[in-house]
Amino acid sequence: MITVSLAGAAVLLPVAACSSDKPAPGTVPQAATAAPSASPTETGEGHPFTGEPGQDLKPVLAVKIENTAAGKPQMGLKSADIVYIEQVEGGLTRLMAIFSSKIPAKVGPVRSARISDLHIVPQFGKPAFAYSGVQTKMLPFMAKASLFDVGDTRNPGAYFRQPGRVAPYNLFASTKKLLAKAPDADKAKDIGFTFGDAPAAGGVDKKSWTVRWPAAHFTFDWSDAKKQWMISQDGKKDMAAEGGQQSAPTVVIQYVQTVRSQFHDFHQSYTPLVKTIGKGKAIVLRDGKAYKANWSRPDEEHGTTYTTEDGQPMNFTQGPVWVALASKKPVSP
């Protein structure tokens, strides 16, 4: 057994039961019991996920998306407000895309959920969560989690096989049909992000930054012309199905602890548990510069705040945010 502390609770995780992602009943108490927050109100300060003005607060849709070469190009990511990069089995990564201010018509390839997802989504209250299955041992945790399950088992009519793609990388979903099955999904609310001018000091000019996991790496290259970090993965430009390269004005490299969960895949490769509760260090990329920052998240019901080294808010540039949940010394759990 190993002990994992999450949101102030000690969780005992057996070392020999990892697959896709799923804890035993009661292992994810915050995800299971997180109460929906009060209805958000317009403040005139910009969207809480992007800082962009003039946008109504709409329901939140989270989607698990494949990001190996076999699943590219992805569809819908360019409309995401937030994209999380999470480590999965074998040292690979998978994405969780958060949509609210902009909803694309279709998203995909949609893939299976992981236990780390259930520790991330409660900060959004009770969002709609789209995915393409989980291992059987994780089902009780999905049932208790703070989300509306619009996965392909519960909502098969929202999913379809995209022509020209090979299974399992051809499963896509209609966002309209996904949200129709979650009419009470919580609307976007404050999750700790702040937007505005960059810190007056502390930034280092940086035109490129690479983040590595055991079997994958992302590179973010600054474009002065587009005022965006252009995204590449494993040495290739990350192109979108809609056209153009994936990009974001703000990229956060959040250094977290990654441990073995109690799940593993059919190759007996352990599913990592990415710990997003607590405190740690981060690098924030914006405006062609890299800023050292600190991150803090008290529990699963709250989002993550980012501050400068002297404790001031670490503002992001208005627009989508990519968050790479990485480790300074990445290992395969």
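A short tour of the structure in this document, coming up. (Residues numbered from 1 in each chain as written. Predicted model: local features only at pLDDT ≥ 70, side-chain atom pairs only at ≥ 80, totals over all residues. Heavy atoms only, no water.)

Notes on the nonpolar core
Counted only if it meets this: The term nonpolar core refers to a set of buried residues drawn from Ala, Val, Leu, Ile, Met, Phe, Trp, Tyr and Cys, joined through side-chain atoms within 4.5 Å. When accessible area is computed with a 1.4 Å probe and restricted to protein chains, residues below 20% of their type maximum are described as buried, those above 50% as exposed, and intermediate ones as partly exposed. Note on definitions: a residue-residue contact is assigned when non-hydrogen atoms from the two residues lie within 4.5 Å.
Formed by 41 residues in total, the largest nonpolar core has its most connected members in Ile82, Tyr84 and Ile98. Once residues within four sequence positions are removed from consideration, isoleucine 82 is found in contact with Phe49, Met96, Ala97, Ile98, Phe124, Ile191, Phe193, Val321 and Val323. Listed in part, the 40 residues of the second largest apolar core include Ala97, Ala182, Trp222 and Ile231.

Observations regarding the pairing of strand S21 (residues 289-297)
Quick reminder of the rule: Pairing between strands is defined by DSSP: at least two bridges between them are needed. Working definition: helices are DSSP H or I runs of at least four residues, strands are E runs of at least two. Numbering for both runs from the N terminus.
Pairing of strand S11 (residues 204-205) with S21 involves 2 bridges; the strand directions are antiparallel. By the bridge assignment, aspartate 205 is partnered in S21 with lysine 289. As paired elements, strand S20 (residues 278-286) and S21 share 9 bridges and run antiparallel to each other. Each residue of the ladder has a partner; that of alanine 282, found in S21, is alanine 293. Joining the antiparallel neighbours S20 and S21 is a turn of 2 residues, in which aspartate 287 adopts a positive phi near 55 degrees.

Here's the deal with the packing of aromatic side chains
Note the cut-off: For this analysis, a ring pair means two rings from Phe, Tyr or Trp (six-membered ring only for Trp) whose centres lie within 6.5 Å, classed as stacked if their planes differ by under 30 degrees, edge-to-face if by over 60, and tilted for the remaining angles.
Scanning all chains against the criterion turns up 11 aromatic pairs. Ring plane angle 15 degrees and centroid distance 6.3 Å describe the contact between phenylalanine 218 and phenylalanine 220, whose orientation is recorded as stacked. When its relative accessible area of 0% is taken as the criterion, phenylalanine 218 is described as buried. Judged by its relative accessible area of 0%, phenylalanine 220 is buried. Linked through ring pairs, Phe193, Phe195, Tyr306 and Phe316 together constitute an aromatic cluster.

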